[in-house]
Amino acid sequence: MAKVNVKAITAYVISALLLVFYLFTLYDATKYNVSDEYRMFYLTRELRHYVEDGGLKEYTDNVLFEYKKDGNCKNRGLGFSDLEDECIWIVGNNAVFYIYLDEIKESYELEIKTRSSIGYNNKLYINDEYISDIYIDEDGMVYINVPGNVLKQGINAFSIRTEDAVFPYNLVNPEMDEPRELNLSISTIILR
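The model shown is predicted, which means the values in this text are computed figures rather than measured ones.

### Quick notes on the sheet that holds strand 3 (residues 94–101)
Where strands meet in a sheet, backbone hydrogen bonds hold them as pairs that are either parallel or antiparallel.
Thinking step 1. Ordered by their spatial adjacency, four strands build an open sheet running 3-8-5-6, and the pairing between neighbours is antiparallel. The open sheet has two free edges, formed respectively by strand 3 and strand 6 (129–133), since each of these has just one partner strand. Across the sheet, the mean angle separating the axes of adjacent strands is 25 degrees when strand polarity is ignored.
Thinking step 2. Two strands pair when backbone bridges link them, and strand 5 (residues 122–126) and strand 6 are joined in this way by four bridges, in the antiparallel orientation. In the sheet register, isoleucine 126 faces strand 6, and the bridge partner there is glutamate 129.

### Digging into the pattern of salt bridges
Thinking step 1. Taken as a whole and judged by the stated rule, the model has 10 salt bridges.
Thinking step 2. Aspartate 85 is paired through a salt bridge with lysine 69; the nearest N and O atoms lie 3.7 Å apart. Taken together, the residues aspartate 85 in the loop between strand 1 (65–66) and strand 2 (88–91) and lysine 69 in the loop between strand 1 and strand 2 connect sequence positions 16 residues apart.
Thinking step 3. With relative accessibility at 45%, the residue lysine 69 sits in the partly exposed group.

What counts as what
Residues numbered from 1 in each chain as written. Predicted model: local features only at pLDDT ≥ 70, side-chain atom pairs only at ≥ 80, totals over all residues. Heavy atoms only, no water. Pairing = 2+ DSSP bridges. Helix = DSSP H or I, 4+ residues; strand = E, 2+ residues; numbered from the N terminus. Axes fitted to C-alpha atoms, helices over the stretch in contact; angles between N-to-C directions. Salt bridge = Lys/Arg side-chain N within 4 Å of Asp/Glu carboxyl O. Buried < 20%, exposed > 50% of the residue type's maximum accessible area, 1.4 Å probe, protein only.

Read these as layout, nothing more, since geometry by itself doesn't imply function.
Spelled out as structure tokens, the structure:
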């Protein structure tokens, strides 16, 4: 008759229990029990600045967002430069800002005041759905009709994207000492 090694069996049982515990911990860690703002800044890195819990509710429709120093622009995500005196630049191919909506209307108008464009063909996406090409009028304004059915209650991601290759500005204009991949400068945004 074979001897039963109690120490080995105990070690296997303890190892199996530890494995089950670690798997449960890994599974439980995938469920965030935090605010949207905390998740978007610390966990998914979608927000460029931390906004206190519930703070994105201040960035809603009919609020003028000023993208400049001392402006109310903590709703910006990745793809934006640091704030300048009168504007902010989209750097690269994609920039995201967020707008919180309590209720959804049938339609909205998005107004963007630009200060300068390098000439790339930009498009607006909301919650990853294509909305419109971006056309800048002679006054530097962009007006886009936004159907309410592409928006949701809560936080909406507005993305300005181009499929063009965005080059460092000093390669396009050698006389300028500007190494950033500048795309479009923005002064204000409002969703009405």
